[in-house]
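Listed below, chain by chain, are the residues.
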Amino acid sequence: MAAQDPETESASPGVPERAKPAKAARREPPAPKRVMSIHAHPDDQEFTVGGTLAKWARAGSAIVTVCITSGGAGSNDHTPPDMTREALVPIREEEQREACRVLGISEVVFLGYEDGMLEPSLGLRRELTRIIRRYKPEAVVCGDPTMRFYSSMYMNHPDHRAASDVALDAVFPSAETRLIFPELLAEGLEPHKVSLVFIHGSAQSDTFIDISELLDVKVAALKQHKTQLGPWDPTDMITEWAREQGAKRRLKAAEAFRLMRLHEA
Ligand SMILES: [Zn+2]
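Residues numbered from 1 in each chain as written. Predicted model: local features only at pLDDT ≥ 70, side-chain atom pairs only at ≥ 80, totals over all residues. Heavy atoms only, no water.

**Re a nonpolar patch on the surface**
A grouping of F172, M260 and L262 is seen on the molecular surface, where their side chains present a nonpolar patch of about 250 Å² in accessible area. Structurally, L262 can be placed in the segment after β9 (254-261). (Patch = residues over 30% accessible without salt bridge, like charges linked within 9 Å, V, L, I, M, F, W, Y side chains within 5 Å. Areas by Shrake-Rupley, 256 points an atom, 1.4 Å probe, with all protein chains shown as cover. Salt bridge = Lys/Arg side-chain N within 4 Å of Asp/Glu carboxyl O. Helix = DSSP H or I, 4+ residues; strand = E, 2+ residues; numbered from the N terminus.)

And the structure:
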């Protein structure tokens, strides 16, 4: 039988909270130097990992956000019926740039794929491999392609599954293997090893980033996506999500990840 993992052991009953040292403070990984945050749509990043990225940006990380689509399909609730994809795309791209400015991210790349139509294709894998080799991130942040259902209320968007599936495939093996996509070598893009992958929205989270000090920044960044939020104020929901994710480590507010350590940084 496997030894019980102290990480997952629940707190001893009756032990006052203050008597236990905060595990998260000890175990939170340091901010990676170079980070690539890969998502299907504008606003995905702000809903899921904005607090972590804001924290890392303030610690000096160089971060690039990659949006595979520009969100041209909009929102069922808040996109006016006379809106077109062509008109919506530049608005959503600007909202994403504004959100990144709030988080402290200066670089955003839009790959121009069509919202609602993403497939885990080799073409997209080549594109993400190209961009990983170009920016050489130490850490990649993306979603969990194995998540089909979240509670009984939300079926994960197919674009989210495709984006995270391809992001992981691009990290390994394509980005680090010389003879996969050899045409990239001709562009001067040598293999690159990504050391860490932070996977959000996983059922196997093992790494918790304390965002207590960044919660207001996360909300402010999310609010830049005006076309998606309409008059809705996301503060309460984001606060509750952060509380739920932090509860396992007695953090007031956290973002939870499954962390893959592929190489020594
Ligand atoms: Zn999305």
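On we go.
**A look at the sheet that holds strand β7 (residues 196-200)**
Pairing between sheet strands relies on hydrogen bonds along the backbone, with the strands arranged either parallel or antiparallel. Strand order in the open sheet formed by 7 strands is β3-β2-β1-β4-β7-β9-β8, with mixed pairing between adjacent strands. Looking along the sheet, the strands with just one partner apiece sit at the ends: β3 (107-113) and β8 (207-210). Between one strand axis and the next, the sheet turns through 25 degrees on average, direction left out of account. As paired strands, strand β4 (residues 139-142) and β7 are joined by 4 bridges and run parallel to one another. (Pairing = 2+ DSSP bridges. Axes fitted to C-alpha atoms, helices over the stretch in contact; angles between N-to-C directions.)

**Details of the packing of helix α4 (residues 85-103) against helix α8 (residues 215-222)**
The geometry of α4 relative to α8 is characterised by a closest axis approach of 8 Å and an angle of 165 degrees between their N-to-C directions. The angle between α4 and α8 places the two elements in the roughly antiparallel class. Where α4 crosses over α8, the two elements pack in a sense that is right-handed. Facing α4, whose interface residues are A99, V102 and L103, α8 presents V217, A220 and A221. (Parallel < 35°, antiparallel > 145°, perpendicular 65-115°, else oblique. Left-handed = near helix turned anticlockwise from the far one by under 90°. Contact = heavy atoms within 4.5 Å.)

**Digging into α4**
In a regular helix each residue adds 1.5 Å, so 19 residues correspond to 27 Å; α4 covers 26 Å between its end C-alpha atoms and thus fits that length. For α4, the set of buried residues is L88, R92, E93, E95, Q96, A99, C100 and L103. Viewed along the axis of α4, the buried residues span an arc of 165 degrees, placing them on a single side of the element. The secondary structure elements touched by the buried residues of α4 are α2 (44-48), α3 (50-58), β2 (62-69), β3, α8 and α9 (226-229). After α4 finishes, the residue G104 shows a positive phi value of roughly 100 degrees. (Expected span 1.5 Å × (residues − 1). Buried < 20%, exposed > 50% of the residue type's maximum accessible area, 1.4 Å probe, protein only. Arc of directions from axis to C-beta.)

**Quick notes on the nonpolar core**
Of all hydrophobic cores here, the largest spans 33 residues; its most connected members are L53, W56, I63, V141, F198 and I211. Here this core takes 5 residues from α8, the largest share from any one element. Contacts of V141, omitting those with residues within four sequence positions, involve V35, M36, S37, I38, V49, L53, W56, F198 and F257. Counting 26 residues, the second-largest nonpolar core is a separate cluster that includes I38, L111, I132 and V166. (Core = buried A, V, L, I, M, F, W, Y, C linked by side-chain atoms within 4.5 Å.)

**Overview of the pattern of salt bridges**
Opposite charge on two side chains allows them to pair when their charged atoms are near. Per the counting criterion, the structure on display carries 15 salt bridges. Here R101 makes a salt bridge to E98, at a shortest N to O gap of 2.8 Å. Taken together, the residues span about one helical turn, with R101 and E98 both in helix α4 at a distance of 3 residues. A relative accessible area of 29% means that E98 is categorised as partly exposed. In this structure, the salt-bridge partner of E255 is K218, at a minimum N-O distance of 2.7 Å.

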